[in-house]
Amino acid sequence: MGINLNTDEAWMRYAFRLAQRAEQQGEVPVGAIVVKDDQCIAEGWNASIAMHDPTAHAEMVALRKAGLALENYRLCDATIYVTLEPCVMCMGAISHARIKRLVFGAFDPKRGAVCNALSLTDASFLNHRISWDGGVLEIECSELLRDFFRARR
């Protein structure tokens, strides 16, 4: 497939900085960016509390902005980078947007819908397949989430 790990790591570091911004705002620290033609076309971080919106996950915010930027809800040939394995809601949106590739940092054994709780990238009822890579900057992304929740307990 020709994955450039250095590029993936660089984009994930960008998403990680957005996750830190979410944390500064009291949100669960998850960040996401949409990249097309080696350009970041949209970014987002968790904003459910600030927006009073249960759908304002980092991925959803980034996908909405990307659709507006391209004036198209289909984001063909785009890659989404997110610091945490997406949930079922976000995977549904990623599929409907026709994202080509998903790259995430931390695995989510309880709610992850890529390869843990569900495997929606392989679901026969979806008519779009998404290639994916998990574990990019996994340690940093996992520690950010772990520290956030530890401080709240």
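### Some thoughts on helix α3 (residues 58-70)
Side chains three or four residues apart in an α-helix point the same way, a direct result of the helix having 3.6 residues per turn. Under the 1.5 Å per step criterion, the end-to-end length of α3 is 18 Å for 13 residues, consistent within 8% with the ideal 18 Å. For α3, the full list of buried residues reads A58, E59, M60, V61, A62, L63, A66 and G67. For α3, the elements touching its buried residues are β1 (31-36), β2 (39-45), β3 (79-84) and α4 (88-96). Among the residues trailing α3, E71 stands out with phi positive, at a value near 55°.

### Some thoughts on the packing of aromatic side chains
Enumeration according to the criterion identifies five aromatic pairs in this entry. For the ring pair W11 and Y14, a centre distance of 6.3 Å and an interplane angle of 35° mean the geometry is tilted. Of the two residues, W11 and Y14 both sit in helix α1 (residues 5-24), three residues apart, roughly one turn of that helix. The class for W11 is buried, based on a relative accessible area of 15%.

### A look at unusual backbone geometry
Despite not being glycine, D37 has its phi angle at roughly 55°, a positive value. Mapped onto the elements, D37 comes out in the loop between β1 and β2. D37 sits in the exposed class, given a relative accessible area of 62%.

### Things to note about the sheet that holds β2
One open sheet accounts for five strands, arranged β2-β1-β3-β4-β5; its pairing is mixed. In the strand order of this sheet, the two ends are held by β2 and β5 (131-134), each with one partner. Direction aside, neighbouring strands of the sheet carry axes that sit 15° apart on average. Of the pairings in the sheet, the one linking strand β4 (residues 101-106) to β5 comprises four bridges and is parallel in character. Each residue of the ladder has a partner; that of V103, found in β5, is D133. In this fold α3 packs onto β1, β2 and β3, with an angle of close to 140° to the strand it touches most, β2.

### Here we look at the nonpolar core
Among the nonpolar cores identified, the biggest contains 47 residues, and M12, V34, L63, M91, I94, I99 and L102 are the most heavily contacted of them. The greatest single-element share of this core, amounting to seven residues, is contributed by α1. Apart from the residues lying within four places of it in its own chain, the contact partners of I99 are V34, L63, L75, A78, T79, I80, I94, H128 and I130.

Conventions used here
Residues numbered from 1 in each chain as written. Predicted model: local features only at pLDDT ≥ 70, side-chain atom pairs only at ≥ 80, totals over all residues. Heavy atoms only, no water. Helix = DSSP H or I, 4+ residues; strand = E, 2+ residues; numbered from the N terminus. Expected span 1.5 Å × (residues − 1). Buried < 20%, exposed > 50% of the residue type's maximum accessible area, 1.4 Å probe, protein only. Contact = heavy atoms within 4.5 Å. Phe/Tyr/Trp six-rings, centres within 6.5 Å; stacked < 30°, edge-to-face > 60°. Pairing = 2+ DSSP bridges. Axes fitted to C-alpha atoms, helices over the stretch in contact; angles between N-to-C directions. Core = buried A, V, L, I, M, F, W, Y, C linked by side-chain atoms within 4.5 Å.

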